[in-house]
Amino acid sequence: MNYKERLREYVENDEIYTEYKSGKYDMSDFDKFCIEHCKDIECLLNENEEQKEVIDKTIEYIEKDMWNTLDDGNTSCYVIERAEEELLSILKEVK
């Protein structure tokens, strides 16, 4: 289990956050702090998932569609080829 999975499990199983999400609002200041903490974790996990989807789509575009879009029957431009390699390299590191 990686850190994302552990954080997701923490948010899903946190008793205070679960009670809050089910409608309990009579909570201490500490409970409210825990709730905000869980909200922040959940927000970051969701943003991370969205960014991963964008990266995956970008990689897929570069690997499958970029050359089809740019290929006009002539020899491919070295600059475009180098840009493709660089973009793939960067996106794969982030992934």
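Numbering of residues starts from 1 in each chain and follows the order in which that chain's sequence is written. Only residues with pLDDT of 70 or above have their local features reported here, since the model is predicted, and side-chain atom pairs are shown and tallied only from 80 upward, although totals for entire chains, interfaces and linings are computed over all residues. To get the side-chain values, take all heavy atoms of the structure and skip hydrogens and water.

### Side note on the overall build of the protein
Right, so step 1: Runs of H or I in DSSP of at least four residues are treated as helices and runs of E of at least two as strands, each being numbered from the N terminus. Looking only at helices and strands, one finds four helices and zero strands in the protein.
Right, so step 2: Its helices and strands in sequence order give the protein the pattern α-α-α-α, from N to C terminus.
Right, so step 3: Here's how the labels work: a residue is buried when its accessible area is under 20% of the maximum for its type, exposed when over 50%, partly exposed in between, all with a 1.4 Å probe on protein chains only. Out of the 95 residues in the protein, the part that is buried amounts to 20%.
Right, so step 4: Computed with the Shrake-Rupley method and a 1.4 Å probe, the accessible areas treat only the protein chains shown as cover for residues. A total accessible area of about 7500 Å² is found for the protein, and carbon and sulfur atoms account for 51% of it.

### Let's talk about the nonpolar core
Right, so step 1: Among buried residues, those of type Ala, Val, Leu, Ile, Met, Phe, Trp, Tyr and Cys that are joined through side-chain atoms within 4.5 Å constitute a nonpolar core. Counting seven residues, the largest nonpolar core is built from Val 11, Tyr 17, Met 27, Ile 35, Cys 38, Ile 41 and Leu 45.
Right, so step 2: The biggest single contributor to this core is helix α3 (residues 29-70), with four residues.
Right, so step 3: In this structure, Val 11 is in contact with Tyr 17, Cys 38, Ile 41 and Glu 42, ignoring residues within four places of it in sequence.
Right, so step 4: Listed in part, the five residues of the second largest apolar core include Ile 55, Ile 59, Leu 88 and Leu 91. By the convention used here, residues are in contact when the closest approach between their heavy atoms is within 4.5 Å.

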